[in-house]
Amino acid sequence: MSPPDTPPIRPRDAQLRPLMWCAAAFLGGVLLQVDRIPLWATMTACVCTGWSIAVCARRMRLPRRSLKGALALALTAAVVAMFHTLNGLEAGTTLLAAMGSVKLLEAYRRRDRYIVLGVALFLLLAACLSRQSLPCAPLYAAEAWLCCSALVVAAHPESSLGSRAAVLLAGRSLLIALPLAVLAFLFFPRLSGSLWALPEAGAAATGLSDTLAPGGISDLSESSDPAFRAWFDGPPPPPAERYWRGPVLHYFDGYTWSRVPPQWLGAAAPATSATAAVPATSVALAAPATSAARLYRYRVALEPSSNRWWLALDTVVSPPSGAVRMTSDRVLVGARPVTEPIAYTAVSDTAWRGLDPTAARLPDPTTARLLGRDLQLPPHRNPRSVELGRRLRSEAPSDAAFARSVLEFFRTGGFRYTLTPPRLGEDSVDEFLFGARRGFCGHFASAFVTLMRSGGIPARVVTGYLGGEWNPIGRYLLIRQSDAHAWAEVWLPGRGWTRIDPTAVVAPERLTRGIGEFLPGAASAPERLLLNLPWIASIREAWDASNAWWTNEVIGFDTKAQLGLLRRLGIATPSPDQLGWALALCLIGWLAVTGLQLGRLPRPPRPDRLARAYRRLCLKLARVGAPRALDEGPIAYADSIARRRPDLAPTARVLLASYAQLRFGPESAGTRASRLADFERAVARWRIPRRRPAPRPRLKTPRPRSARASRGT
Amino acid sequence: MSTHPASERRDPADPADPGEPGEPGNAALGRARSALETVILGKPRQVRLCLACLLARGHLLIEDVPGVGKTTLAHALAHVLGLAWQRVQFTSDLLPADIIGVSVFDRATQQFRFRKGPIFTQLLLADEVNRASPRTQSALLEAMEERQVSVDLTTYRLPDPFFVVATENPHEELGTFALPESQLDRFLMRITLGYPEARFERELLRKGERRDLLAEMPSALDASSVVRIQQAVRAVHVSDALLDYVQRLVQQTRERADLKLGLSPRAGQGLIRAAQAWAYLAERSAVLPEDVQAVLPSVAAHRLEQREPASAVDGESLAADLLKRVPVPI
C-alpha cells in the first residue's frame, strides 16, 4: 500500500549523491541572495534541503503531494504578503528560492533534479543582476562551477563518474566555453541605456546629502567606501588644490544648511532657485579670466549613490556632456540619481577665482537677487555670532580685511579640529564659537559663513570632497567617502566668488595629509602603523586598482566602449549586421579551434555499408515493436524478436544470421560483395507487417533477467 | 537454462549460416556434455563453461561451499575427457615438493633421480587450493603458467594437455590463504555451482551418490582428441569487429573509477580464447558478441574488484553491468 507518488526505492547511493550535489548547488544559489531575500526564505531552503537529504539517506517517505501543494501555496502567499507583488527582483528571487525548496522535496528523478539546478542557475543570474562588484565575481564563478558539476553528476546518476571527475569535467567544460562568453561579451550588440538597472528598493548608498547639520560629514568620514576615482590627462593637481565641488548650500535655519528653504521643497521651484540653469552664454563667458589658469582635464568614474551630484574639480570650466547641467552656483546636477557607476570627462581650472563677469559688473537684477539669497540668516538665532560678525565688519576697512580678521579669530580663538565634537543645541554657531570650540570642517564652514553674512557679505557653504589618494598602479586619484569636506565661498566685489577654507586655518594638515589622521577609529597607533606599512598600502592600492578596472572596463563596458573597441579593430561605424557577422565569425573560429581540440579524441569510425544496412533493419524492427537493445548481438536479437513478434522470427533469423556471417564470419573476398548486396536488398524489401494494436516502440526496453541469462548460446 | 540447440536454429537452406566446424570431435563433445550433465544435474551452463575453459587451454577455479559437487565435477571432467588425472588435497603443511616431485638418491646408479610428483598428469585436481601456504600455491601456479617444471637445473615439460582444476571454499576463512590477484589471473575462469534447483535436488536425494555413475560411463574423448579439439578451437574465426568489442570491454574496466584494477591483457586474450571455445561448442565457425557475453562473467568476475568494500558488489554483477554498458559493435 503506497500512495501513487511514493518514489520507487532505488539503491541508496545512486540517489543520494546526485541529490546532495543538487542541494549544494541550490543552497549556494540561495546563499548568494542571503541579504536580499527575507530570512524565512533562506530558512525554508535550508530546512527543505535537510529534509530531502534525510528522506533519501534514511529511506523515509517523501512528503505527500497534498502537503507539498499546501507548502507551495503558503510560501507564495507569504511572498505576496511581504512584497505585495510577485514581480521585481527581490520578490521574484524570494519566490524562486521558496519554490526551489519545495521542488527539492520531490527531486527523486533526474528531471526533477534538472529543474532544481535550473532554479539554482536562475538564482545565480538574479545575483548577477543585483550585485556586480569584483569580490562577488569569484563567488559567482564558484557557484557556476558548482551548478555545472551538479549537472554532470545528475546526468550520470548511476555511473561510476566520481565526484572529482565530475568537478574536473565541469571545470573543463566551463573553460572551453569561456572564450565564447568573452566573445559574446565583447561583440554582442548592446542596448544603450541600462536594461538591467532594475529599480532599487530603498538602497541606502552613502554620499553627499544636500543638507549639512553638525555631525553630518562625520558620518561620512567613517565610511571608507570609494566615492569616485579620477584619471588625469597629465599630472594630478597638488593636494592643496584637490577641492571636489559638490552641492552648494545657501539656506540656513540656525542649525541645518540646505540648498533651498524647506518650504520650497515640493512646490514648484521659483525660476531663480539655486538649481536654475546658467545660460549658455554665461558658461562661455566663464572662460578663464586670469592668464595663470591651471587647467586640468580628467575623467571621473563615479560610484553609485542616492544623489544626483556629479563631482568635479573646483571649478569646472567645461562641463561634461550627457544628462547633466550646471547650475548658477557651478554645481553639476545629473538628470537622474546616480544609481549605477557612471563616467564622464570634464575640464577644470583650479586657479579660477570666480570673477563672474556678469556679477562683477553689477547690478544685474538677477545677480543681485542671487546675492541677496546668500545674505539670509534666520532671525533671532545665534545672536552672539551675529553681533560678533557685525563688530568685526565695522572694525575692518574692507570686505577682504573682514574675512581675514574672521580667519584670524579662528586661528587665535583656541579652536581645535576633531571628528568627535560635542553635541550642539539649537543655536549651533553660538555654542560652537563661544562654547565648545571643537569641531570639523562643517562646523568651521557654517560658523564662517554665518559671521560673513552677519557682516553683510554674501557667503555660502560648499560641500564636496577634499584630497584623494594617488594610486600609482592604476595612476588615478581615489576619493573616498571619508574625504568629504565643507568649505565656504564669499562674494568679494571685483573678485567674485572666492573660496575660503576656514578649516585650513585651524588644521592645515587636513589639506595635505587626509582625514585618516583624525579618524577616531583608526586613531589607535598600532592600527595606523599597520595601515601605513608599505606592503599593506600597496596591497590596498592594488586591490582598489583592480576594483577600478572591474568597474570601468567590465561593468562599464557599454555601447560606447564597444564602439571604441570595434573602431580599433577597424570597423568604424558598425551596424548591428556587422556586429552579428563579427560575432558569427568569432563563433566559427571558436568552434573550429574547439572542434580541432576535441577532434583529437578517438572517434568511432564511420559506419560502413553493412552497418548502415543493419541499422536500417533495426530501425524497421523497432518501429514494429521489436527494438534492439544496445548490448544485444544478432543472435540474442533474434531471440528477443521471437519473444515479442513470433511471426517475424523466421525472416529475422535468416537476415540476422546473414548479418552475423558478414560482420563476424571469416572474410571470403569473392562472395562477400554479393552477399552484402543480397543483405541490403533483403533489408530494403522486407515490408514488416505492423501488429494491431501496434505496441509503442520503446528504445530501451528492460528485459527480464531470465532472458539475459539464456542469451548467447 | 533454455538453450536452443544449434540444430533447431540451423536452416539447411540458409546459405549464410555461420559455421560448420565439421570436426569428428563434435559428436564426441556432445556425448561428453551429456555424460557430464547426467552426473552434475541441472547445471548445463556450468558444465558447458567448464568444457569451454578446458578446450581453451585454460585452468579452472571452482569456488563454492562444500557439498555442491565441486569435486564430483572435476572427477567427471577428467573421466569423460579420458585424461589421466591426479588429485592433491591442499593443506597448510603441503610443500612444493609434494606437488612437483623430489630428487631422491639412487644407490644403484649413485645418482640423484627425480621422482615426479602428482603434477605430472593431464588433469590435476587441486582441492581446496586456498588452504596451502603461498609458497606452495605459487609453485603450482608457476607450473600452470609455464606448463613446465624446473627442478635441479633440469626442466621437465608437463604433459599435453595439462589442466588444473582447483576448488576453493570462499566462506571458510580460518587457516586459509586467499589467492592474490596475480595468481587469480592465471585461472581462465572461475565458476560457482550453487545449489541445485528443487527438482534436481529431489532427484539427487532419491538416487544417491552421482559419482558412482562414472564407473559405468565410457570416456567420450581421449587426450589426443582433446588436443585436436583445442587446435580446432584456436581456428575459430575472430573478426575485427569482435576484437573491437573485446577491446572496448577491457578498456571500460580500466576507465571505471570504482574498480581497483582493470582487466589485464592476459585476461583479454583469455576472453577471446574462451569465446572461441564457446562458439566451437555452439558449432559456429566464428565468434559472435554473444559468445563473449556468455563467457565474460566467468572470465572477468574473479579479476574485478570494487574499490570500496563497503558497497561490495560481486564480480558477477560487475561483469553484467559491464556488458550492459558497452554496446555491441554493428
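This is a predicted model, so every value here is computed, not measured. (Residues numbered from 1 in each chain as written. Chains lettered and ligands numbered in written order. Predicted model: local features only at pLDDT ≥ 70, side-chain atom pairs only at ≥ 80, totals over all residues. Heavy atoms only, no water.)

Caption draft 1: Seen up close, the confidence of the model for chain A. All names here are of chain A. Model confidence for chain A is summarised by a mean pLDDT of 77, while 79% of its residues fall at 70 or above. Within chain A, the element-level pLDDT minimum falls on helix 9 (residues 280-285), averaging 34, and the maximum on helix 6 (residues 136-155), averaging 91. Scored below 50 in pLDDT, residues 193-205 makes 10 contacts in the model with residues more than four places away or belonging to other chains. pLDDT under 50 marks residues 356-363. Its contacts with residues more than four places away, or in other chains, come to 9 contacts. (pLDDT = per-residue confidence, 0-100. Helix = DSSP H or I, 4+ residues; strand = E, 2+ residues; numbered from the N terminus. Contact = heavy atoms within 4.5 Å.)

Caption draft 2: Examining the pairing of strand 6 (residues 148-151) of chain B more closely. Residues and elements named next belong to chain B. Side chains Val149 and Val151 project from strand 6 onto a buried face, and the interleaved Gln148 and Ser150 project onto a face without burial. Relative to strand 7 (residues 154-157), strand 6 runs antiparallel, the two being bridged by 4 bridges. Residue valine 149 lies in a different strand from strand 7, and its bridge partner there is tyrosine 156. (Buried < 20%, exposed > 50% of the residue type's maximum accessible area, 1.4 Å probe, protein only. Pairing = 2+ DSSP bridges.)

Caption draft 3: A look at the confidence of the model for chain B. Residues and elements named next belong to chain B. With 89% of its residues at a pLDDT of 70 or more, chain B shows a mean pLDDT of 82. Per-residue pLDDT, averaged within each element of chain B, yields its smallest value for helix 1 (residues 6-9) (36) and its largest for helix 12 (residues 265-281) (92). Between residues 1-23, whose pLDDT stays under 50, and residues either more than four places distant or in other chains, the model counts 38 contacts.

Caption draft 4: Here's a closer look at the sheet that holds strand 6 (residues 295-302) of chain A. Residues and elements named next belong to chain A. Overall, antiparallel pairing links the 6 strands, which are arranged 9-12-6-2-17-16 in an open sheet. The strands lining the two open edges of the sheet, one partner per strand, are strand 9 (316-318) and strand 16 (469-471). Across the sheet, the mean angle from the axis of one strand to that of its neighbour is 40°, orientation sign disregarded. (Axes fitted to C-alpha atoms, helices over the stretch in contact; angles between N-to-C directions.)

Caption draft 5: The pairing of strand 3 (residues 243-249) of chain A, seen in detail. Residues and elements named next belong to chain A. Among the 7 residues of strand 3, 7 are classified as buried, and the element is accordingly described as predominantly covered. Here 2 bridges tie strand 3 to strand 8 (residues 312-313), and the two strands are oriented antiparallel to one another. Within strand 8, the residue paired with tryptophan 244 across the bridge is leucine 313.

Caption draft 6: Examining helix 6 of chain A more closely. For helix 6 of chain A, which comprises 20 residues, the first-to-last C-alpha distance of 28 Å matches the rise-based estimate of 28 Å (1.5 Å per residue) to within 8%. Within the sequence span of helix 6 of chain A, burial applies to Cys136, Tyr140, Glu143, Ala144, Cys147, Ser149, Ala150, Val152, Val153 and Ala154 of chain A. (Expected span 1.5 Å × (residues − 1).)

Caption draft 7: Structural context of the state of the cysteines. Applying the stated criterion to the full structure yields 0 disulfides over all chains. With no disulfide of its own, cysteine 46 of chain A lies 9.5 Å from the sulfur of cysteine 48 of chain A, the closest cysteine sulfur. (Disulfide = S-S within 2.5 Å.)

Caption draft 8: Highlighting the packing of helix 11 (residues 240-255) of chain B against helix 14 (residues 315-325) of chain B. Residue and element names in this part refer to chain B. Taken N-terminus to C-terminus, the directions of helix 11 and helix 14 make an angle of 125°; their axes are 10 Å apart at the nearest point. Considering the angle they form, helix 11 stands oblique to helix 14. Where helix 11 crosses over helix 14, the two elements pack in a sense that is right-handed. Residue-level inspection shows Tyr245, Leu249, Gln252 and Thr253 of helix 11 in contact with helix 14, the latter providing Leu322, Leu323 and Arg325. The residue makeup of the contact of helix 11 with helix 14, split by class, is 4 nonpolar, 2 polar and 1 charged. (Parallel < 35°, antiparallel > 145°, perpendicular 65-115°, else oblique. Left-handed = near helix turned anticlockwise from the far one by under 90°. Nonpolar A, V, L, I, M, F, W, Y, C, P; charged D, E, K, R; others polar.)

Caption draft 9: Highlighting the pattern of salt bridges. Counted according to the given criterion, the structure contains 35 salt bridges over all chains. Lysine 103 of chain A is the partner of aspartate 112 of chain A in a salt bridge, and the nearest nitrogen-oxygen pair spans 3.1 Å. For the pair aspartate 112 of chain A and lysine 103 of chain A, one class covers both residues: buried. Measuring nitrogen to oxygen at the nearest pair gives 3.3 Å for the salt bridge that ties aspartate 185 of chain B to arginine 266 of chain B. Residue aspartate 185 of chain B is found in the loop between helix 7 (181-184) and strand 9 (187-191), and its partner arginine 266 of chain B is found in helix 12; the two are separated by 81 residues along the sequence. The class for aspartate 185 of chain B is buried, based on a relative accessible area of 13%. Given the relative accessible area of 30%, arginine 266 of chain B is considered partly exposed. (Salt bridge = Lys/Arg side-chain N within 4 Å of Asp/Glu carboxyl O.)

Caption draft 10: A look at the side chain of aspartate 64 of chain B. In this fold, aspartate 64 of chain B is placed in the loop between strand 1 (59-63) and helix 4 (70-80). Although aspartate 64 of chain B lies buried, it forms no salt bridge, and the closest oppositely charged side chain, lysine 70 of chain B, sits 6.3 Å away as judged by the N-O distance. (Lys, Arg positive; Asp, Glu negative; His and termini not counted.)

Caption draft 11: Structural view of the packing of aromatic side chains. Residue and element names in this part refer to chain A. Considering all chains together, one arrives at 25 aromatic pairs over all chains under this definition. Pairing tyrosine 243 with tryptophan 487 gives two aromatic rings, centres 4.8 Å apart and planes at 75°, and the pair type is edge-to-face. Note that tyrosine 243 is positioned in strand 3 and tryptophan 487 in strand 18 (residues 484-492), a separation of 244 residues in sequence. Residue tryptophan 487 is classed as buried on the basis of its relative accessible area, which comes to 0%. A connected cluster of aromatic rings, assembled from ring pairs, spans Phe228, Phe232, Trp244, Tyr296, Tyr298 and Tyr465. Against the face of tryptophan 497 rests arginine 460, its NZ or CZ located 3.8 Å from the ring centre. (Phe/Tyr/Trp six-rings, centres within 6.5 Å; stacked < 30°, edge-to-face > 60°. Lys NZ or Arg CZ within 6 Å of the ring centre and 35° of its normal.)

Caption draft 12: Spotlight on the sheet that holds strand 5 (residues 123-127) of chain B. All names here are of chain B. Strand order in this open sheet of 5 strands is 2-5-8-1-9, and the pairing throughout is parallel. Each edge of the open sheet is held by one strand with a lone partner, namely strand 2 (85-89) and strand 9. With direction set aside, neighbouring strand axes in the sheet form an average angle of 20°. Where strand 1 and strand 9 come together, 4 bridges link them in parallel fashion. Among the inter-strand pairings, leucine 60 is bridged to a residue of strand 9, identified as methionine 189. Lying on the sheet, helix 4 is in contact with strand 1, strand 2, strand 5, strand 8 (163-168) and strand 9; it crosses strand 5 at an angle near 175°.

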